[in-house]
Amino acid sequence: MELLDEKMHLWIDSARFVKPKPGIYVLYDKTAQPIFIGSSDNLQKEFSEMLDTNFNNDSCKQNTHSYQRQFTDSPEDDKQLLLEQCSEKMGSIPTCNAN
């Protein structure tokens, strides 16, 4: 279930090549279910840290297979809106956000 209109990307193949811009992102597992909705003032830095630290050993996020991202000037507000929309569509927020 894709939550953003943006293209789905494979995590390992393209996460390092994201531009250093503010935005929101959705991490998906192998079944294309959203597992985490996040935001950052610098997506390139955020993604690089996740890659370099294996998601800071967060076993929930380590299930990431693919992602979507969207650049925005108000990442935190847009993240909250997307969490609300996800909760309405799926009946709950993604598992890694709930932890």
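This text goes with the structure placed above it.
Residues numbered from 1 in each chain as written. Predicted model: local features only at pLDDT ≥ 70, side-chain atom pairs only at ≥ 80, totals over all residues. Heavy atoms only, no water.

1. A short note on the state of the cysteines
Applying the stated rule across the entire model yields one disulfide. Note that C60 is cross-linked by a disulfide to C96, the S-S spacing being 1.9 Å. Because the sign of the S-S torsion sets the handedness, a value of about -100° for the bond joining C60 and C96 places this disulfide among the left-handed ones. Pair noted here: C60 is in the loop between α2 (43-52) and β4 (66-71) and C96 is in helix α4 (residues 95-98), with a separation of 36 residues, a long-range link. Each member of the pair, C60 together with C96, is buried. Here C86 stays free of any disulfide, with the sulfur of C96 as its closest cysteine sulfur at 12 Å. By relative accessible area, which is 1% here, C86 ends up buried. (Disulfide = S-S within 2.5 Å. Helix = DSSP H or I, 4+ residues; strand = E, 2+ residues; numbered from the N terminus. Buried < 20%, exposed > 50% of the residue type's maximum accessible area, 1.4 Å probe, protein only.)

2. Some details on the side chain of K61
Secondary-structure assignment places K61 in the loop between α2 and β4. In this structure, K61 is buried with no salt-bridge partner, the nearest side chain bearing the opposite charge being D58 at 4.1 Å. Ignoring anything within four residues of it in the chain, the contact list for K61 reads L27, I35, F36, F55 and C96. (Lys, Arg positive; Asp, Glu negative; His and termini not counted. Salt bridge = Lys/Arg side-chain N within 4 Å of Asp/Glu carboxyl O. Contact = heavy atoms within 4.5 Å.)

3. Some details on the pairing of strand β3 (residues 34-40)
With respect to burial, β3 is a largely interior element, seven of its seven residues being buried. Here strand β2 (residues 23-28) pairs with β3 via six bridges, running antiparallel. Residue I24 lies in a different strand from β3, and its bridge partner there is S39. In this structure, the hairpin formed by β2 and β3 is closed by a connection of five residues, where A32 is found at a positive phi of approximately 65°. (Pairing = 2+ DSSP bridges.)

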